[in-house]
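# Working through the structure, step by step
Given next are the chains, with one letter for each unit.
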Amino acid sequence: MYVMHNSEYPLSCFALFENGPCLVADANFDTLMVKLKGFFQNAKANKIESRGTRYQYCDFLVKLGTVTMGPSARGISVEVEYCPCVIANDCWNLLMEFMQSFMGSHTPGIPSVFGAKHDSVYSPGDTMVQYMELFNKIRKQQQVPVAGIR
Amino acid sequence: MEAPPVTMMPVTGGTINMMEYLLQGSVLDQSLESLLHRLRGLCDNMEPETFLDHEMVFLLKGQQASPFVLRARRSMDKTGMPWHLRYLGQPEIGDKNRHALVRNCVDIATSDNLTDFLVEMGFRMDHEFVAKGHVFRKGIMKIVVYKIFRILMPGNTESIEPLSLSYLVELNVVAPAGQDVVSDDMRNFAEQLKPLVHLEKIDPKRLM
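Residues numbered from 1 in each chain as written. Chains lettered and ligands numbered in written order. Predicted model: local features only at pLDDT ≥ 70, side-chain atom pairs only at ≥ 80, totals over all residues. Heavy atoms only, no water.

The criterion, for reference: UniProt positions are given in the numbering used here, feature names are shortened, and annotations may be inferred rather than shown by experiment.
By the naming in an unreviewed UniProt entry, chain B is Mediator of RNA polymerase II transcription subunit 18, taken from Lepidothrix coronata. In its Sequence similarities (unreviewed entry) section, UniProt records this for chain B: "Belongs to the Mediator complex subunit 18 family." Quoted verbatim from the Subunit (unreviewed entry) heading of the UniProt record, the comment on chain B is "Component of the Mediator complex."

Per an unreviewed UniProt entry, chain A goes by Mediator of RNA polymerase II transcription subunit 20 and derives from Lepidothrix coronata. Quoted straight from UniProt, the Subunit (unreviewed entry) entry for chain A says "Component of the Mediator complex."

And the structure:
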């Protein structure tokens, strides 16, 4: 089970299972996890975070972060959000065009959460699922001497 | 009943330990109206608030002898409200002078996929019930008068029957740890409700 926090939603805590439900709870959820420590093992060594700057460009929000696991940097994360739209499929083409303008060949393909969602409303939980997938990819990567970009 | 500034309270692990102070009692159905009338007079002036909640109690069995209990509560009559997840610790074995039952509590508001999530974590539902009643407030004290209904078919909250011919009355306060003056204020308030209802400290262990 992954417990995640996002500075964009400072009062919330996200708890998710891979391919399972994503619970959105308030900050007291962390206190509950402390109480549950007899039942669950806290894999502190696996803690991973992305920290950086957030840029607002008209209706777009771009967050560039350095992904670190403990003391070592493991990669760079780029998050792009088109704020006015809540239906994923309606703005994917626009997002892709915008990303190509500054990411060129590094532009990613359509995220898997969009496939499941189709025409339903996008929510912060979907963002957390994408971060979880990205962080898992980075965890599995071998550590390279030069910082790799994903 | 001014609480000291939050920064003065002992902090463990980055958060403040909240405690629930509780007094309980009950009244027969026929005495409900007079109790509500007295409470309307004594409590803060607010719109009379009724509630209809569905609560499910989940257990996680681990290597420990006693399972971990979590309570998931949802409103059946108010739309858009988050689900309420609650953990209650063991009652503190304090001195006999403490007038209320004190136990650690953690309250969390969650999204509505809470039951799926708890099952995924390994919890299993132990029992469920419907609670219907009234809520009153006086300062930081909350007074709840409600009736418990048994659910006849699991998962179906439409067919319910009352568990007893009485209403449960609870006076509780959620406050940071160490504020024993809270239980004195609760006892003073409970005195004002006598003889309509006798609110006492009831240790759940002694009932088992």
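Still more to cover.
## Some words on the overall build of chain A
Cut-off, in case you're wondering: A helix here means a DSSP run of H or I that spans at least four residues, while a strand means a run of E at least two residues long, and both kinds are numbered starting from the N terminus. The buried label goes to any residue with under 20% of its type's maximum accessible area, the exposed label to any with over 50%, and the partly exposed label to all in between, with areas taken from a 1.4 Å probe on protein chains only. Only heavy atoms enter the contact rule, under which two residues are in contact if any of them lie within 4.5 Å. Using the Shrake-Rupley algorithm and a 1.4 Å probe, accessible areas are obtained, with residue cover drawn only from the displayed protein chains. Counted as positive: Lys and Arg. Counted as negative: Asp and Glu. His and the chain ends are not counted at all. Note that the charge is assigned to NZ on lysines, CZ on arginines, CG on aspartates and CD on glutamates.
A count of helices and strands for chain A gives four helices and six strands. Considered along the principal axes of its C-alpha atoms, chain A spans approximately 50 × 40 × 25 Å. Residues classed as buried in chain A amount to 36% of the 150 residues present. For chain A, long-range pairs separated by at least 24 residues make up 38% of all intrachain contacts whose partners lie at least 6 apart in sequence. Accessible surface, chain A as shown: approximately 9,200 Å² in total, 54% of it carbon and sulfur. Here chain A holds 13 positive side-chain charges and 13 negative ones, and the gap between their average locations is 14 Å.

## Observations concerning unusual backbone geometry
The residue after K194 of chain B, namely P195 of chain B, is reached through a cis peptide bond having omega 0 degrees. Note that P195 of chain B resides in the loop between α3 (181-193) and α4 (204-207). With phi around 60 degrees, N19 of chain A is a residue other than glycine that occupies positive phi space. The residue N19 of chain A is located in the loop between β2 (12-16) and β3 (22-26) in this model. The class of N19 of chain A is exposed, set by a relative accessible area of 86%.

## Digging into the side chain of N104 of chain B
To keep things clear, this is the line we draw: Polar contacts, as used here, are pairs of N or O atoms within 3.5 Å; protein pairs need one atom able to donate a hydrogen and one able to accept it. Residues neighboring in sequence count only if both atoms are side-chain atoms.
Structurally, N104 of chain B is set in strand β7 (residues 101-110). Among the polar contacts made by the side chain of N104 of chain B, one reaches the side chain of K35 of chain A at a distance of 2.5 Å. Here M18 of chain B takes part through its backbone oxygen, which lies 2.8 Å from a polar atom of the side chain of N104 of chain B.

## Observations concerning the interface of chain A and chain B
Size of an interface: often given as the accessible area lost when the parts come together. Worth spelling out the cut-off: Buried area, as used here, totals the accessible surface that two parts lose on assembly, with accessibility defined by a 1.4 Å probe and the loss added over both. For this document, the term salt bridge refers to a Lys or Arg side-chain nitrogen within 4 Å of an Asp or Glu carboxyl oxygen. Think of it as three bins: nonpolar holds Ala, Val, Leu, Ile, Met, Phe, Trp, Tyr, Cys and Pro, charged holds Asp, Glu, Lys and Arg, and polar takes everything else, Gly as well.
In this complex, chain A contributes 19 residues to the contact, which on the side of chain B involves 25 residues. Where chain A abuts chain B, roughly 1,900 Å² becomes buried across the two surfaces, and 73% of that area is made up of carbon and sulfur atoms. Interface area lost by chain A to chain B is led by L23, K35 and F39 of chain A, which between them contribute 32%. Taken together, chain A and chain B are joined by zero salt bridges. Where chain A packs against chain B, one counts five residue pairs in polar contact (both at pLDDT 80 or more). Mapped onto the side of chain A that touches chain B, the elements with two or more residues apiece are β2, β3 and α1 (29-35) of chain A. For the side of chain A that touches chain B, the leading source of residues is β3 of chain A, giving five residues. Across the side of chain A that touches chain B, the residue classes tally to 14 nonpolar, three polar and two charged.

## Quick look at helix α2 (residues 88-103) of chain A
Put simply, the rule reads: The term bend refers to the angle at a residue between two fitted axes, each drawn through seven residues, those ending there and those starting there.
The largest bend along α2 of chain A reaches roughly 30 degrees and is located at L94 of chain A. Among the residues of α2 of chain A, those classed as buried are A88, C91, W92, L95, F98, M99 and M103 of chain A.

## Comments concerning the nonpolar core
Side chains that are nonpolar tend, in soluble globular proteins, to be buried together. Using the following cut-off: Here, nonpolar core means buried Ala, Val, Leu, Ile, Met, Phe, Trp, Tyr and Cys residues that are tied together by side-chain atoms lying within 4.5 Å of each other.
If you look at the biggest cluster of nonpolar residues, it comprises 27 residues, and the most contacted ones within it are Y21, L39, L171 and M186 of chain B. Mapped by element, the contributors of at least two residues to this core are β3 (18-28), α1 (32-42), β9 (141-153), β11 (166-176) and α3 of chain B. In this structure, L39 of chain B is in contact with F136, I143, V145, F189 and L193 of chain B, ignoring residues within four places of it in sequence. One finds C91, L95, F114 and I138 of chain A within the second-largest nonpolar core, a separate group that totals 26 residues.

## Some remarks on the pattern of salt bridges
All names here are of chain A. Taken as a whole and assessed by the stated rule, the structure comprises 14 salt bridges over all chains. With its nearest N and O atoms 3.2 Å apart, the salt bridge here joins R51 to E49. Judged by its relative accessible area of 59%, R51 falls in the exposed class. Each of E8, R54, K63 and E79 takes part in salt bridges that share partners, so that together they form one network.

## Thoughts on a nonpolar patch on the surface
Counted only if it meets this: Nonpolar side chains (Val, Leu, Ile, Met, Phe, Trp, Tyr) within 5 Å and like charges within 9 Å form the patches, drawn only from residues with over 30% relative accessible area and no salt bridge.
Taken together, the side chains of Y55, L64, I76, V78 and F102 of chain A define a hydrophobic patch exposed on the protein surface, amounting to about 410 Å² of accessible area. Inspection of the secondary structure puts V78 of chain A in strand β6 (residues 72-82).

## A few points about the packing of aromatic side chains
Residues and elements named next belong to chain A. Going by this rule: Side-chain rings of Phe, Tyr and Trp (the six-membered ring for Trp) are treated as a pair once their centres are within 6.5 Å; stacked means planes under 30 degrees apart, edge-to-face means over 60, and tilted covers the remaining angles.
Enumeration according to the criterion identifies twelve aromatic pairs over all chains in this entry. For the pair Y57 and F98, a centre-to-centre distance of 6.1 Å together with 15 degrees between the ring planes defines the contact as stacked. Taken together, the residues span a long stretch of sequence, with Y57 in strand β4 (residues 48-57) and F98 in helix α2 at a distance of 41 residues. Looking at Y57, the relative accessible area reads 53%, which means it is exposed. With a centroid separation of 5.0 Å and 45 degrees between ring planes, the pair formed by F60 and Y82 is classed as tilted. Separated by 22 residues along the polypeptide, F60 in strand β5 (residues 60-69) and Y82 in strand β6 bring together distant segments of the chain. Three or more aromatic residues joined by ring pairs make a cluster, and in this case those are Y57, F60, Y82, F98 and F102.

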